[in-house]
Amino acid sequence: MNSPDTQPYAIAETLHIVEPTLEDYTGHCYSFIESLCRAGPEQSFEVWAGRRAQALFDGFPNVRLHPHFWRRIRKFQTLFLYRRLLRKGRCIFVPTTGSTDLILADLALHGAVRLNKIAFFIHWIRPEQNKIRRLSRIARRRPYLNVLGPTPTTVEILKDAGFGSAKMVPYPIVPWAGPPPGEAGFRHVLFPGAARLDKGFDKVTDLVAFLKKQELEIPLVVQISSRHYDKVDPPVARQLDRLQRLNYSLLKAYPQTLGTMEYADLFPGAICLQPYDRCEFVDRVSAITLDALSRGAPVVATAGTWIGRMVERFEAGITLDDLTAASLCDAVQKVIRDYPRFASRAASAGQILQREHHASYLLATVTR
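Reference entry: report on the structure contained in this document.

Each value, and the rule that gives it
Residues numbered from 1 in each chain as written. Predicted model: local features only at pLDDT ≥ 70, side-chain atom pairs only at ≥ 80, totals over all residues. Heavy atoms only, no water. Pairing = 2+ DSSP bridges. Helix = DSSP H or I, 4+ residues; strand = E, 2+ residues; numbered from the N terminus. Axes fitted to C-alpha atoms, helices over the stretch in contact; angles between N-to-C directions. Contact = heavy atoms within 4.5 Å. Phe/Tyr/Trp six-rings, centres within 6.5 Å; stacked < 30°, edge-to-face > 60°. Buried < 20%, exposed > 50% of the residue type's maximum accessible area, 1.4 Å probe, protein only. Lys NZ or Arg CZ within 6 Å of the ring centre and 35° of its normal.

The next thing to look at is the sheet that holds strand β9 (residues 220-223). Here six strands make up an open sheet; going across it, the order is β10-β9-β8-β11-β12-β13 and the pairing parallel. A strand with exactly one partner marks an edge of an open sheet, and here the two such strands are β10 (251-254) and β13 (317-320). Between one strand axis and the next, the sheet turns by 20° as a mean value, whatever way the strands run. Summarising the sheet, strand β8 (residues 188-191) and β9 pair through three bridges and their orientation is parallel. For Val189, the partnering residue across the bridge sits in β9 and is Leu220. Here helix α11 (residues 306-314) sits on the sheet and contacts β11 (270-274), β12 (299-302) and β13; the angle it forms with β12, its principal contact strand, is near 135°. Contacts from helix α12 (residues 325-337) reach β8, β11, β12 and β13 within the one sheet, and its direction differs from that of β13 by about 165°.

As structure tokens, then:
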């Protein structure tokens, strides 16, 4: 694999990135696209996003933002946009692809359009029979569709479904341009990203309750912003209410979506807490893990997940089978006691992952 600085990509026509759920900095959509735009400063991009997306790429002279999609009709809009762009011979990239996107693309491709004009990045596939059948039906008609995945397991599923040209490309990471990581002392435990149960938000609430009951003084910072479209699931809402009622004095919660610099500033001196569901994240790449290690923050994570394997590979934190509050607290305290060593390992891991996951690899694959 070429080094990121020399990784070639074809600077050609504008790349149209289609992401209907992108409206702010929430989740991985923005950072994913940002990494691509940074990797190709001489490449022109047009980003088709949600109607409320504003000023997300003002610092990028090579990016034009289209606030295009309405939530309720975004599937129809996506189909018509695919058709319009493909008929004009434009290059399209779909960064967060689901089976619906492939179905819509199959419809849009009806006629005579070159398959290399559209590429799809599939982060993860839940190995359910109905999903595999849907993928197989599309693959029978479009076996050479340009589908990409970040892990061997995802690519293997795609190939087994019939996409013979499926390729593995590293999940792109936003380059870290800040001060050298790993130099800060411990500041707080951090739960970053949207409040979701599959990411163990209820476990975080349990931990806060445990800390208060045990009268332990460990600072916690929690992002409690919602998913896309400000939608909060009822079980999450109950956990949010419980968290508020606990009134833990060392808890700082961010209900709003943070800007990129505010988000990055959370990691120096942090212990990143990721008690994610093992079944949901067994082979699912986490952008938050990549962010944490890139900024020198050790990680406490669920064993048997992609996240856990990264932590164990670099000894940059602690992995757990038991996600009870007592177990999480014990792991956090172990990292706090030896924070400089864990932070140094996290920083070293981040340097390696910055090279391995440089977005130029993905951009080269999409634009060639």
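For the rest of this paragraph, the subject is the packing of aromatic side chains. For the coordinates displayed, the defined rule picks out 11 aromatic pairs. A ring pair is formed by Tyr263 and Phe267, whose centres lie 5.1 Å apart and whose planes are at 80°; its orientation type is edge-to-face. Under the relative-accessibility criterion, Tyr263 is labelled buried at 16%. Among the residues examined, Phe267 registers a relative accessible area of 0% and is labelled buried. Looking at Arg284, its charged tip hangs above the ring of Phe281, at a distance of 4.5 Å from the centre. When the ring centre of Phe342 is taken as reference, the NZ or CZ atom of Arg341 above it lies at 5.0 Å.

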